[in-house]
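Structural overview
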Amino acid sequence: MADPDSSSPRGVTLVLGGGGRVGMAYQAGVLRALRDVGSYDARTADHIIGTSGGAVTGAYLALNRRPEQVARLTYNATPPYATRAVTSELNMVRAWSSPTDLARRVVGSSSVMARSLVHAATPESFRRMTGFIPARTPQTLSRLFPGWLFDPEVEAVSTHIPEEWPDRTVWLVAFDINTRKRIALGRREDRPAFDKAVMASCAVPALIRPVRWGDRVLVDGGTTSVTNLDLAAHTHARAVIAIAPMAYDPGNRPGPVRSALRHRYNREIAREARVVRHSGAQLLVFRPGATELRHHPNNMLAVRGNHEVEESAYVAASSQLRTPAALHFLETVHAGTGRRVEP
């Protein structure tokens, strides 16, 4: 398999951002619209980059599964084999067995959360200048104070996703809390088991068990960026499609509260989009507007209501794909296939 970092323009890169189960439902609706209206099957993408919930969506596409299968995964995520209490809102299996166990896990989870955020306070330039690297938590303390509140089996990743990587170019983004650096799993030699890579990208700090891989302790890649869109510049694509459930559409701005909560993600995407465009790629970004966000629960891990999330995303994305800018972009996507996109 050719290394995208050293190849000529490759075609289409698909970037799938984080957003929990709600975000996956949104992505499923957009992917259906791309297929039905844009005549583009995302399973044929030359390169897939997934972060957090987007890592699950990306893994499904890489395994040749349809958007409808992604959507169904968000409707009922409770493992059939779960034997312990499942919370009504998060629909996740509690990891603690007693009040004392819960107290220990709160301490450990707080440590994981703090270490996941340290990269923002200790930039690389500061580390080079001072030689300071935040200390790792000894494994003895990690065992005494587990750094998660819910068991990862709730996502049942191993029952849906195999250990073996598909014969596709897939990068799943995680964050190493020991080195305080993001890592694109699947890029070059960074290839743990495929299901482990998906779980690492989804390991929300403090909630889900971090994934250990050698000396690395990996948590959700969304701690560095909600989409990690800038990585698409390294794929040398001619066209990049990004689906960002956590941002909002500036052309259909939601109310002041939701705008404020999502504004930093828009700024992040704008900054990373400049990197992608500087690489020579055309870019099309999907993000929910006020109309779609009326259907989004405040809890991004929710199960109820995801049918409506998916359907509203399908309608809005279908409309966006009929705009002149999107039609021009789709011509680039289909370049070399002989297919033309009709307005």
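Being a predicted model, the structure only gives us computed values, none of them experimental.

Comments concerning the nonpolar core
Ranked by size, the top nonpolar core spans 81 residues in total, and within it Leu229, Val240 and Phe286 carry the most contacts. Residue contributions to this core peak at 9 residues, all from helix H1 (residues 20-36). Among all residues touching Val240, those that are not within four sequence positions of it are Thr13, Val15, Leu229, Ala232, Val276, Ala281, Gln282, Leu283, Leu284 and Phe329.

Observations concerning the environment of Leu172
Structurally, the position occupied by Leu172 is in strand S4 (residues 170-176). Since its relative accessible area comes to 0%, Leu172 is described here as buried. Distance in space between the C-alpha atoms of Leu172 and Ile49 is 5.9 Å, their sequence separation being 123 residues. In contact with Leu172, other than residues within four places in its own chain, are Gly50, Ala55, Trp165, Ile183, Ala184, Leu185, Phe194, Ala197, Val198 and Ser201.

Quick notes on the packing of aromatic side chains
Geometry of an aromatic ring pair is reported as the spacing of the ring centres plus the angle between the planes. In the structure shown here, the tally under the stated rule is 1 aromatic pair. Between Trp165 and Phe194, the ring centres sit 4.8 Å apart and the planes meet at 55°, which makes this aromatic pair tilted. Taken as a pair, Trp165 in the loop between helix H7 (157-160) and S4 and Phe194 in helix H8 (residues 194-201) lie far apart in primary sequence, 29 residues in all. As far as burial versus exposure is concerned, Trp165 and Phe194 are alike and both buried. Between Arg32 and the ring centre of Tyr314, over which it is positioned, the NZ or CZ distance is 4.2 Å. Geometry around Tyr60 places Arg65 over its ring, the cationic atom sitting 4.7 Å from the centre.

Let's talk about helix H9 (residues 256-278)
Given a rise of 1.5 Å per residue, 23 residues ought to cover 33 Å, and the 32 Å separating the end C-alpha atoms of H9 matches this to within 8%. If you look at H9, its biggest bend is around 45°, right at Arg262. By the burial criterion, the buried members of H9 are Ser259, Arg262, Tyr265, Asn266, Glu268, Ile269, Glu272, Ala273 and Val276. Just past H9, the residue Gly280 takes up positive phi, approximately 100°.

Conventions and cut-offs
- Residues numbered from 1 in each chain as written.
- Predicted model: local features only at pLDDT ≥ 70, side-chain atom pairs only at ≥ 80, totals over all residues.
- Heavy atoms only, no water.
- Core = buried A, V, L, I, M, F, W, Y, C linked by side-chain atoms within 4.5 Å.
- Buried < 20%, exposed > 50% of the residue type's maximum accessible area, 1.4 Å probe, protein only.
- Helix = DSSP H or I, 4+ residues; strand = E, 2+ residues; numbered from the N terminus.
- Contact = heavy atoms within 4.5 Å.
- Phe/Tyr/Trp six-rings, centres within 6.5 Å; stacked < 30°, edge-to-face > 60°.
- Lys NZ or Arg CZ within 6 Å of the ring centre and 35° of its normal.
- Expected span 1.5 Å × (residues − 1).
- Bend = angle between axes of the 7 residues up to and from the residue.

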